[in-house]
Every structure is written in C-alpha cells, then in structure tokens.
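Topology and contacts: notes
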Amino acid sequence: DILNTAEGNKKLYGNMYENLWKDARNKGFNNAMYNVNIDMAALKKFSPQKSIKGILDFDQNPTLQNAHAANSDLLRMQRDLNKLPTLGSAERQQLKAVNDGIESIQNNMFRDASGKIDQNMMDKYNKIQQGYANEVIPYKNKAINKFKRNEMSAKELVNALSHGEFAAKRGSYHPAMGYRNT
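For the structure given in this document, a descriptive report is provided here. (Residues numbered from 1 in each chain as written. Predicted model: local features only at pLDDT ≥ 70, side-chain atom pairs only at ≥ 80, totals over all residues. Heavy atoms only, no water.)

In this section: the overall build of the protein. Looking only at helices and strands, one finds 10 helices and 0 strands in the protein. The order of helices and strands in the protein, counted from the N terminus, is α-α-α-α-α-α-α-α-α-α. By residue count, 38% of the 182 residues in the protein fall in the buried class. Restricting to contacts in the protein with at least 6 residues of sequence separation, those with at least 24 account for 62%. Accessible surface for the protein amounts to roughly 11000 Å². Of this, 49% is attributable to carbon and sulfur atoms. The average position of the 27 basic charges and that of the 19 acidic charges among the side chains of the protein differ by 3 Å. (Helix = DSSP H or I, 4+ residues; strand = E, 2+ residues; numbered from the N terminus. Buried < 20%, exposed > 50% of the residue type's maximum accessible area, 1.4 Å probe, protein only. Contact = heavy atoms within 4.5 Å. Areas by Shrake-Rupley, 256 points an atom, 1.4 Å probe, with all protein chains shown as cover. Lys, Arg positive; Asp, Glu negative; His and termini not counted. Charge placed at Lys NZ, Arg CZ, Asp CG, Glu CD.)

Now the structure itself:
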C-alpha cells in the first residue's frame, strides 16, 4: 500500500509537471531565463557536486524546466541545512546562496517578454510544488529505500514509518499502519 501510493503520487505529480511545461510552451514561456542570479561560486565551494547538478545544468542552459530542476536542488539543500541544529560560517554562506537562488528563480519563472509574471501559471506551479512536497517527498526516506533493497522487513518498515515525520505527514493516508502496530 505504501509503495503503491508512493509510485502513484510520483507518477501523478510527474504528469502534472509535464502538463504545466506543455502549457508554458504553448504560452511562450519555454524561453531562456536570463535574469536569475545564483551565487554559483558559493554553491560550488560549499556543496557536493552531485547536489548541485540541476543548478549547474540551469547555469549552462537556463530553460524553464532546468530552472525547476535547479529550484528543486536548492529546496532540498535548504531543507537539509534547516535541519542542522546550528550553522557554521560555511553553512550560513551556503544557506544564503540557496535562499537567494530560490528567490531569484521563483521571481523570474513564467515572466513574459514585458517583464510581467503570469500569476495563473505561477499559482499552478506553486500548487504542484506544494503537493509534491507533501505527497511525494515524504516517501523518499531511508526506511522505504531499505525496504525496497530488501534490507528491511515489512514489519520493520511499518514500525519505522509509524512515528516521526512520515507518520505526521502521511500516516492518516495509511490507516493499516496503525492497526498493524497495536
């Protein structure tokens, strides 16, 4: 049930993004985004190469879809940095670059030739992005990945997911989880 929901949600939001990109192309928004400012020097200095691949791709080819990939990378780094109890100097510089990059990308997506943002497209994007954060990202966790690799039994998976962040965000969508643990 949990794995099916995870795959179904991932497919649903993938389709929603594809439809959004199609609408954006039809409205002429697939053009390059050149007004985005990302502190690449700070990100390259303080971030692992694999965590900024989408940002590097966007830097080389600033399209709307690459902006989305860069934004996703930045949001993931932001979540990871915000989980740290304290930030050292390097982490503070990285977080500033991340936050500024997110703001710059979001302030320039769906901007037309006159400089005006199509609020309807931006609202659709934000709604999809919020749904993805709530309905897909919670399934991207260590316990589920261990279960998929056969490193954890179904009972261990249920026990791991029955408390903490997953239970808080998605537990109500999997009532059988609670029944198995009683």
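What follows picks up the thread again.
The tendency in soluble globular proteins is for nonpolar side chains to be buried as a group. One finds Leu 43, Ile 55, Met 109 and Phe 110 to be the most contacted residues of the largest nonpolar core, which totals 36 residues. Within the residue set of this core, elements represented by two or more residues are helix 1 (2-26), helix 2 (40-46), helix 3 (53-60), helix 4 (64-83), helix 5 (89-106) and helix 6 (119-135). Among the elements that take part in this core, helix 4 stands out by supplying 7 residues, more than any other. If near-sequence neighbours (up to four positions away) are discounted, Ile 55 is found in contact with Ile 38, Met 40, Leu 43, Ala 70, Asp 73, Leu 74 and Met 77. Counting residues in each nonpolar core, the second largest holds 11 residues, with Ala 6, Ala 143, Ile 144 and Met 152 among its members. (Core = buried A, V, L, I, M, F, W, Y, C linked by side-chain atoms within 4.5 Å.)

What follows concerns the environment of Ile 38. As for its placement among the helices and strands, Ile 38 is situated in the loop between helix 1 and helix 2. A relative accessible area of 16% means that Ile 38 is categorised as buried. Along the sequence, Ile 38 and Ile 105 sit 67 residues apart, while their C-alpha atoms lie 8.4 Å from each other. With residues up to four places along the chain from it excluded, the contact list for Ile 38 reads Leu 43, Ile 55, Phe 58, Gly 101 and Ile 105.

Applying the stated rule across the entire model yields 8 salt bridges. The salt bridge partner of Lys 53 is Asp 57, with a shortest N-O separation of 2.7 Å. Of the two residues, Lys 53 and Asp 57 are both situated in helix 3; the distance of 4 residues between them amounts to about one turn of the helix. In this structure, the salt-bridge partner of Arg 149 is Glu 151, at a minimum N-O distance of 3.1 Å. (Salt bridge = Lys/Arg side-chain N within 4 Å of Asp/Glu carboxyl O.)

Before going further, it helps to examine a positive patch on the surface. A cluster of basic residues, Lys 10, Arg 79, Lys 83, Lys 140, Lys 142 and Lys 146, forms a positive patch at the surface. One can find Arg 79 in helix 4. (Patch = residues over 30% accessible without salt bridge, like charges linked within 9 Å, V, L, I, M, F, W, Y side chains within 5 Å.)

This next bit is on the side chain of Asn 108. By the element assignment, Asn 108 lies in the loop between helix 5 and helix 6. The exposure class of Asn 108 is buried, given its relative accessible area of 12%. A distance of 3.4 Å separates a polar atom in the side chain of Asn 108 from the backbone oxygen of Asn 35. A distance of 3.4 Å separates polar atoms of two side chains, one belonging to Asn 108 and the other to Arg 111. (Polar contact = N/O pair within 3.5 Å; in protein donor to acceptor, adjacent residues only side chain to side chain.)

Our next topic: the packing of aromatic side chains. Any two aromatic rings considered together are summarised by their centre-to-centre distance and by the angle between their planes. By the definition in use, this model includes 8 aromatic pairs. Look at Tyr 13 and Tyr 132: their rings are 6.4 Å apart centre to centre, the planes differ by 85 degrees, and that puts the pair in the edge-to-face class. Pair noted here: Tyr 13 is in helix 1 and Tyr 132 is in helix 6, with a separation of 119 residues, a long-range link. Like Tyr 132, Tyr 13 is buried. Here the aromatic rings of Tyr 17 and Trp 21 are separated by 5.9 Å at their centres, their planes lie at 20 degrees, and the arrangement is stacked. Residue Tyr 17 and its partner Trp 21 are located together in helix 1, separated by 4 residues, close to a single helical turn. On the accessibility criterion, Trp 21 (4% relative accessible area) is buried. A connected cluster of aromatic rings, assembled from ring pairs, spans Tyr 13, Tyr 17, Trp 21, Phe 29, Phe 110, Tyr 125 and Tyr 132. We note Arg 170 situated over the ring of Tyr 173; from NZ or CZ to the ring centre the distance is 3.8 Å. (Phe/Tyr/Trp six-rings, centres within 6.5 Å; stacked < 30°, edge-to-face > 60°. Lys NZ or Arg CZ within 6 Å of the ring centre and 35° of its normal.)

A word on the environment of Ala 176. Within the element layout of this structure, Ala 176 appears in helix 10 (residues 175-180). Overall, the relative accessible area of 30% leaves Ala 176 in the partly exposed class. In this structure, the C-alpha to C-alpha distance between Ala 176 and Asn 141, residues 35 residues apart in sequence, is 19 Å.

Function-wise, these values are silent; they only describe arrangement.
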